[in-house]
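So the chains spell out like this:
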Amino acid sequence: TKMWIPENPSDPKDASIQEAARLLNHQEVVAFPTETVYGLGADATNEKAVSGIFEAKGRPSDNPLIVHVSNREQVDLMVNHIPDVAYSLMEAFWPGPLTLIMESNGAAASNVTAGLSTIGIRMPNHPLALALLEATGKPLAAPSANRSGRPSPTKADHVKQDLDGRVAGILDGGTTGVGLESTVLDCTSDVPVILRPGGITKEQLEEVLPHVAIDPALAGSESDKPKSPGMKYTHYAPESPLWLVEGEDDFFIEQLEQLKRDGQRVGVIASHELAGKLDHAPVIRCGSRDQLSEVAVKLYDALREFKRSEVDIILTEAFSEKGVGAAVMNRLRKAAVQVVSED
Ligand code: TXA
Ligand code: MG
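Worth saying up front: this structure is predicted, and the values here are computed from it rather than measured. Residues take numbers from 1 onward in each chain, read along the sequence in its written order. Written order decides the labels, with chains lettered from A and ligands numbered from 1. Given that the model is predicted, a residue must reach a pLDDT of at least 70 before its local features are reported, and side-chain atom pairs must reach 80 or more before they are shown or counted; all residues, however, enter totals for whole chains, interfaces and linings. With hydrogens and water stripped out, all remaining heavy atoms of the structure feed into the side-chain values.

Draft legend 1. Representation of the sheet that holds strand β15 (residues 313-317). Here, strands pair whenever DSSP counts at least two bridges between them. A run of H or I in DSSP becomes a helix once it reaches four residues, and a run of E becomes a strand once it reaches two; helices and strands are each numbered from the N terminus. Strand order in the open sheet formed by five strands is β14-β13-β15-β12-β16, and the pairing between neighbours is parallel. Looking at which strands have only one partner, the edges of the open sheet turn out to be β14 (283-285) and β16 (336-341). When strand polarity is set aside, the average angle formed by the axes of neighbouring strands in this sheet is 20°. Where strand β13 (residues 266-270) meets β14, three bridges bridge the pair, whose relative direction is parallel. Bridge pairing in β14 links Ala 270 to Arg 285. Any pair of residues with heavy atoms lying within 4.5 Å of one another is described as a contacting pair. Fitting a line to C-alpha atoms yields each axis, with helices limited to the stretch in contact; the angle taken between N-to-C directions then spans 0 to 180 degrees. Running at roughly 175° to β15, helix α9 (residues 249-261) makes contact with β12 (242-246), β13, β15 and β16 of the sheet. Each of β12, β13 and β14 is contacted by helix α11 (residues 292-305), which is oriented at about 165° to β14, the strand it contacts most.

As structure tokens, then:
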């Protein structure tokens, strides 16, 4: 696997970007940074290229991919029509962490949409991603560049950990800015529906749209959680099982102390407000609970930090669900094998 650090990361003519684009135009897969997380890209119009993504990630083929574009014309080429709401949203939030689901016209390779009649499209707000799209001249299908089930990569090194030897190349653009994936918004119904909370918050969408709905499956995700530890990991899984603790700081401390009395080696992920009250190591501080955008940036790196050989359980606090906190908590609930609540 080739690693490049482009000299001119916003220039489509940069030698590394040109080389990456050449590989993409030869049906290879290449990882690149976006403002959210690293993506694993392939020519969205080429079925063989796209199948390389599923293979490298070990991704189930029934999970559709997001198509990345660098201009509106590429959107026109892939959808039947653009709903009015989608126009307003592109105007307000593109380039940016918002994926719009629209009716596909079949121009994208069929494995991109996993056989669905709809397609998810976004314009990433990252100079290197946009330069690569320009250099390639094609829309790029790109899921997060992690092995299926692992936390999404926010650094080139995370991609290397997961995909070295499995992809043609990795473009290194440093640490990503948002840290969590884009918001996925279904624009095919009268009232747009948030299918995945992400970098653009519901509050931000409501400044542009009169009504925004939330997929009922999101609200129900808590009760779907297996109630005992050690059950099968699903998404964003760290090496050791993650427990999510909902309640006051004193309750968190009680849980931590109980686990330690039981002989468990516990790793903690906490805001610096909580971390300051703990007499414990190891603790990873992931920012202030009043600055959830900071927590978003650090979350996936924190989930990758603890090694199975070092800790038996990872304990993390629950955050407010305001703003980007909705996305932070969505990912933590999915990553957790156990939710421990005070009441
Ligand atoms: O920020 C992001 O969105 C990153 C960067 C690389 O752009 N990409 C990303 O892709 O997170 P991925 O594959 O990890 O997540 C794509 C999500 C999945 O939950 C998938 O089910 C949903 O988008 N999705 C894609 N196409 C869809 C469609 N036609 N209908 C419903 N959901 C769709
Ligand atoms: Mg993903």
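Draft legend 2. The packing of aromatic side chains, seen in detail. Side-chain rings of Phe, Tyr and Trp (the six-membered ring for Trp) are treated as a pair once their centres are within 6.5 Å; stacked means planes under 30 degrees apart, edge-to-face means over 60, and tilted covers the remaining angles. If you walk through the whole model with that rule in mind, you get one aromatic pair. Ring geometry for Tyr 236 against Tyr 300: centres 5.6 Å apart, planes inclined by 20°, an arrangement best described as stacked. Highlighted residues: Tyr 236 in the loop between α8 (216-219) and β12 and Tyr 300 in helix α11, separated in sequence by 64 residues. Pair check on accessibility: Tyr 236 and Tyr 300 agree, each one buried. Only protein chains enter the accessibility calculation, which uses a 1.4 Å probe; a residue whose area is less than 20% of its type maximum is buried, one above 50% is exposed, and one in between is partly exposed.

Draft legend 3. Seen up close, a negative patch on the surface. Patch definition: residues with relative accessible area over 30% and no salt bridge; like charges joined within 9 Å; nonpolar side chains (Val, Leu, Ile, Met, Phe, Trp, Tyr) joined within 5 Å. Accessible surface is estimated by sampling points in the Shrake-Rupley manner with a 1.4 Å probe; for residues, cover comes only from the protein chains shown. By definition, a salt bridge exists where a carboxyl oxygen of Asp or Glu is found within 4 Å of a side-chain nitrogen of Lys or Arg. Under this rule, positive means Lys or Arg and negative means Asp or Glu; His and the chain ends count for nothing. Lysine's charge is taken at NZ, arginine's at CZ, aspartate's at CG and glutamate's at CD. A surface patch of negative charge is lined by Glu 248, Asp 250, Glu 254, Glu 342 and Asp 343. When you line up the elements, Glu 254 lands in helix α9.

Draft legend 4. Structural view of the site of ligand 1. Any residue with a heavy atom lying within 4 Å of a molecule or strand is counted as near it. Lining the immediate surroundings of ligand 1 are 24 residues, of which Thr 36, Arg 59, Asn 63, His 68 and Ser 182 lie closest. Contacts to ligand 1 include Asn 63, whose side-chain N or O atom sits 2.8 Å from an oxygen atom. Definition of a polar contact: a pair of N or O atoms within 3.5 Å, with one able to donate and the other able to accept a hydrogen when the atoms are protein atoms, and with sequence-neighbouring residues admitted only if both atoms are side-chain atoms. Between ligand 1 and the protein, one listed contact pairs an oxygen atom with a side-chain N or O atom of Ser 182 at 2.6 Å. If ligand 1 stood free it would expose 680 Å²; the protein chains cover 87% of that surface. Mapped by element, the contributors of at least two residues to the shell around ligand 1 are β3 (38-43), β4 (66-68), β6 (118-122) and β10 (193-196). Ranked by residue count, the leading element in the shell around ligand 1 is β6, at four residues.

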